[in-house]
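Structural overview
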Amino acid sequence: MTAITGAAPAAARRTARPREAAAVRLVRWGTVAALVAVWEAVTRLTGSGDYLTSPSRIVADGLPKVLEGDSLTLVGYTTYRFLAAFAVTAVAGPAIGLLLGRLNKHVYLGGRDVVSVLYALPMAPLYPLFVLWLGLGDGSEIAFGAIHGIIPVILMTMTAGAAVEPAVLDSGRAMGAGRLRRLLFLVVPACLPDIIGALKIGAALSLLGVLLAELMISVDGVGTFISTQITNHGAAPLDAMVLVVCAGALAVNALLSAIERRASRGRPDRP
Amino acid sequence: MAGQREESARAGGVREAERPRVAARDLTLAYGDTTAATDLTFDVRPGEFVSLIGPSGCGKSSALRAVGGLLAPASGELLVDGTPVDGTPVDGPRPRDVAFVFQDLALYPWRSAVRNVEIALQFAGVGRAERRARALDALRAVGLGDVPHRFPHQLSGGMRQRVAIARALVSDASILLLDEPFAALDELSRLKIGEQLVTLLEEHGKTVLFVTHSLSEAAYLSDRIIVMTPRPATIKEVIEVPLPRPREPQVLRTPEFHALTDRLSALLLEDDPGDVR
Ligand SMILES: Nc1ncnc2c1ncn2[C@@H]1O[C@H](COP(=O)(O)OP(=O)(O)OP(=O)(O)O)[C@@H](O)[C@H]1O
Ligand SMILES: [Mg+2]
């Protein structure tokens, strides 16, 4: 997953020369523009469906419905839940991951098996349990988002933690650094690019978790808006809301990519 | 000051009362079931420059790691300044008066050269302004004063080695453990830089335990040379270097120097199984 998300910016950065960079930009945005144009043409020729309509109608009819007061409140609820779920993911994920990765070999190998299995499990059927435990509303939705985000983050950061070169830690010991200082000054910075890379995936998945929860059993939020529009065949507002969610997810990803680049300074081997 | 090491080396036998900085007695080093070295008995006296030479894999790095407190002796006794070293990591600032340059340097790729040097002082609890100033001084001392903010991957192999040396120098530790610090350099540069390093170390009164594969480097820089056998290694012979200090490059062409390197290669060849590929 990292490889996929990491590939595009890496390729773009390798072409550092201005002309090549311009060419890359042209291809990138040209493709987007072409897809939108094809979409517009096809939906106009065949007519809008119940769920999919043309980009121009999404912008003209749908977007205003999403950006009006009530719907915006729903976006606000979801944003709040996502931020809370991601905060848990971003703080507890790397902390647990590095702990499991560095404590000792048995904890790492055994823990990795457990977390890998958890990662492979579908969480959706468990959501009713979350509702039973935490009640309907923010608590269960945030928890469901956090559980989606935190498991891959733990998995990826524990692997990164275990892979820190022994020489790096030995040199710290030779300089008199105790366990805690080695963790803070050596393990964390050595793993930082991997941690941020993991958080990109954690962010996408904790948003997914929150939306899933809202779609399944919920009374408000973006998920509820979407399921209402599906019931009402409100193609334009439905598509507009999907676009807004995508834009939000892309913005978070771009922010984390920028942080990842900073954290990778001095490491030409990193994306 | 330059003559001080020569004097202490020559007078080593006379000043018996002076406690060795490093004293190993019947030391055995092992990784689990793998014995790396046995029956190591040697001293490093104050201000001395001692080299360890021997075939690859014989346990030279392991010996250094033991002295540096990173590898617990399996048996025998190892004293640094009279205190037993047992390999348990000591937490807190500067456990012992020892600094390390590792064979693979162990520079931190995410830190610039100056911050790589600084971290030794950070671990020792030195304040921000002071450690920056001292790190820059140390970089200048190894000839890298002009590139403090480059990252390791932006430096040549030889420059990286000098950053690692600066990191060992900055901590004020008076015993330096140098594991093939010039491996990335050509023969002539390593001798030149080695001589500069010896002068620098003399000025600071450092005691050095040095690992190298280059016989001429060992002969040119050392007061004494410990020759080891193949694994499981033990000490074959300890040779006093009869060359006066300060040493100039001309010494490389003297009969004494050649006699010494011949003797070293003869010692190493005696144990060579001859099937190394
Ligand atoms: N971490 C380790 N675990 C197990 N065995 C090890 C470890 N480090 C070294 N050894 C073994 O101990 C022996 C001595 O290794 P050491 O690194 O001390 O040799 P060396 O003399 O420094 O060799 P070189 O000249 O190639 O650097 C080798 O046989 C090696 O295989
Ligand atoms: Mg070695």
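Within each chain, residue numbers correspond to sequence positions counted from 1 in written order. The naming scheme follows written order: chains are lettered A onward, ligands numbered 1 onward. Note on the predicted model: pLDDT of at least 70 is required for a residue's local features to be given, and 80 or more for side-chain atom pairs to be given and counted; whole-chain, interface and lining totals, by contrast, use all residues. In computing side-chain values, all of the structure's heavy atoms are included and hydrogens and water are not.

**Section: the coordination of the magnesium ion (ligand 2)**
All names here are of chain B.
- Counted as donors are N, O and S atoms no farther than 2.8 Å from the metal, or 3.2 Å for Na, K and Ca; water is not among the atoms, and sites may therefore look incomplete. The protein atoms that coordinate the magnesium ion (ligand 2) are Ser 61 (OG) and Gln 103 (OE1), at distances of 1.9 to 2.2 Å. Of this pair, Ser 61 sits in helix α2 (residues 60-67) while Gln 103 sits in the loop between β6 (98-101) and α3 (113-123), placing them 42 residues apart in sequence.
- By relative accessible area, which is 21% here, Ser 61 ends up partly exposed. Going along the chain from the N terminus, every DSSP run of H or I of four or more residues is numbered as a helix, and every run of E of two or more is numbered as a strand. When accessible area is computed with a 1.4 Å probe and restricted to protein chains, residues below 20% of their type maximum are described as buried, those above 50% as exposed, and intermediate ones as partly exposed.

**Thoughts on the pairing of strand β8 (residues 207-211) of chain B**
Residue and element names in this part refer to chain B.
- When you tally the buried positions in β8, you get 5 out of 5 residues, the bulk of the element.
- Both faces of β8 are covered, namely the face carrying Thr 207, Leu 209 and Val 211 and the face carrying Val 208 and Phe 210.
- A pair of strands is treated as paired once DSSP finds two or more bridges between them. When strand β3 (residues 49-53) meets β8, the two strands line up parallel, connected through 4 bridges. Opposite Ser 51, over in β8, you have Phe 210 as the bridge partner.
- As paired elements, strand β7 (residues 175-179) and β8 share 5 bridges and run parallel to each other. Each bridged residue has a counterpart across the sheet, and for Leu 177 the counterpart in β8 is Leu 209.
- Handedness of the crossover joining β7 and β8 through helix α6 (residues 187-203): right-handed. Here is how to tell: hold the view so the strands point away, follow the path from the first strand over the helix to the second, and if it runs clockwise the crossover is right-handed.

**Topic: the UniProt feature "domain: ABC transmembrane type-1" (unreviewed entry) in chain A**
- Under the UniProt annotation, the feature "domain: ABC transmembrane type-1" (unreviewed entry) is placed at residues 75-256 of chain A.
- A distance of 21 Å separates the end C-alpha atoms of residues 75-256 of chain A, which is 86% helix and 0% strand. UniProt positions are given in the numbering used here, feature names are shortened, and annotations may be inferred rather than shown by experiment.

**Section: the packing of helix α6 (residues 127-134) of chain A against helix α7 (residues 138-162) of chain A**
Residues and elements named next belong to chain A.
- Throughout, an axis means a line fitted to C-alpha atoms (over the contacting stretch in the case of helices), and angles, computed between N-to-C directions, take values from 0 to 180 degrees. The contact between α6 and α7 brings their axes to 8 Å, and the two run at 135°. With respect to their mutual orientation, α6 and α7 come out oblique. Taken as a pair, α6 and α7 cross one another with a handedness that is right-handed. Contacts between α6 and α7 involve Tyr 127, Phe 130, Val 131 and Leu 134 from the first element and Gly 139, Ser 140, Glu 141, Ala 143, Phe 144 and Ile 147 from the second.
- Taken together, the residues that form the contact of α6 with α7 break down as 7 nonpolar, 2 polar and 1 charged. Throughout, the term roughly parallel applies to angles under 35 degrees, roughly antiparallel to angles over 145, roughly perpendicular to angles from 65 to 115, and oblique to all others. If you view the pair so one helix is near and one far, a crossing is left-handed when the near helix is turned anticlockwise from the far one by less than a right angle, and right-handed when it is turned clockwise. We call two residues in contact when some of their heavy atoms are within 4.5 Å. Following the grouping adopted for this structure description, the nonpolar residues are Ala, Val, Leu, Ile, Met, Phe, Trp, Tyr, Cys and Pro, the charged ones are Asp, Glu, Lys and Arg, and the polar ones are all others, Gly among them.

**Remarks on the pattern of salt bridges**
- Salt bridges are defined by distance alone: a side-chain nitrogen of Lys or Arg within 4 Å of a carboxyl oxygen of Asp or Glu. Taken as a whole, this structure holds 24 salt bridges over all chains when the rule is applied.
- In this structure, A:Glu260 engages A:Lys200 in a salt bridge whose closest nitrogen and oxygen atoms are separated by 2.8 Å. Here A:Lys200 lies in helix α9 (residues 179-216) and A:Glu260 lies in helix α11 (residues 235-263), a separation of 60 residues in the sequence. Taken individually, A:Glu260 and A:Lys200 each receive the classification buried, so the pair is uniform in this respect.
- In this structure, the salt-bridge partner of B:Arg132 is B:Glu118, at a minimum N-O distance of 2.3 Å. Within this pair, whereas B:Arg132 is found in helix α4 (residues 128-141), its partner B:Glu118 is found in helix α3, the two being separated by 14 residues in sequence.
- Several salt bridges converge on common partners, so that one network encompasses A:Arg81, A:Asp138, A:Glu141, A:Glu214 and A:Asp220.

**Some remarks on the nonpolar core**
- Counting 92 residues, the largest nonpolar core has A:Leu186, B:Val117, B:Leu139, B:Val163, B:Leu176 and B:Phe182 as the members making the most contacts within it.
- For this core, the element with the highest residue contribution is α9(A), accounting for 10 residues.
- Sequence-distant contacts of B:Val163, defined by excluding residues within four places in its chain, comprise B:Leu107, B:Ala113, B:Asn116, B:Val117, B:Leu139, B:Leu144 and B:Leu155.
- For the purposes of this section, nonpolar cores are sets of buried Ala, Val, Leu, Ile, Met, Phe, Trp, Tyr and Cys residues that join through side-chain atoms within 4.5 Å. Residues B:Ala24, B:Ala37, B:Val80 and B:Ile226 belong to the second largest nonpolar core, which totals 34 residues.

**Observations regarding the pairing of β6(B)**
Residue and element names in this part refer to chain B.
- Burial along β6 is two-sided: the face carrying Val 98 and Phe 100 and the face carrying Ala 99 and Val 101 are both buried.
- As judged from the 4 bridges shared by β6 and β7, these two strands associate in the parallel manner. Within β7, the residue paired with Val 98 across the bridge is Ile 175.

**Thoughts on the site of ligand 1**
All names here are of chain B.
- Being near a molecule or strand, for a residue, means having at least one of its heavy atoms within 4 Å of it. The full set close to ligand 1 counts 13 residues, and Ser 56, Lys 60, Ser 61, Ser 62 and His 213 are the nearest of them.
- A distance of 2.9 Å separates an oxygen atom of ligand 1 from a polar atom in the backbone of Gly 59.
- Residues adjacent in sequence count toward polar contacts only when both atoms are side-chain atoms; beyond that, a polar contact is any pair of N or O atoms within 3.5 Å, and within protein one must be able to donate a hydrogen and the other to accept it. The contact in question runs from an oxygen atom of ligand 1 to an N or O atom on the side chain of Ser 62, over 2.5 Å.
- For ligand 1, the protein covers 64% of the area, taking 640 Å² as the surface of the free molecule.
- The element that contributes the greatest number of residues to the shell around ligand 1 is α2, accounting for 3 residues.
- Counted by class, the shell around ligand 1 contains 3 nonpolar, 7 polar and 3 charged residues. All accessible-area figures derive from a Shrake-Rupley calculation using a 1.4 Å probe, and residue coverage is judged against the displayed protein chains alone.

**Comments concerning α2(B)**
Residues and elements named next belong to chain B.
- Buried residues dominate α2, accounting for 7 of its 8 residues.
- Those residues of α2 that sit buried are Lys 60, Ser 62, Ala 63, Leu 64, Arg 65, Ala 66 and Val 67.
- Immediately downstream of α2, the backbone of Gly 69 shows phi near 85°, a positive value.

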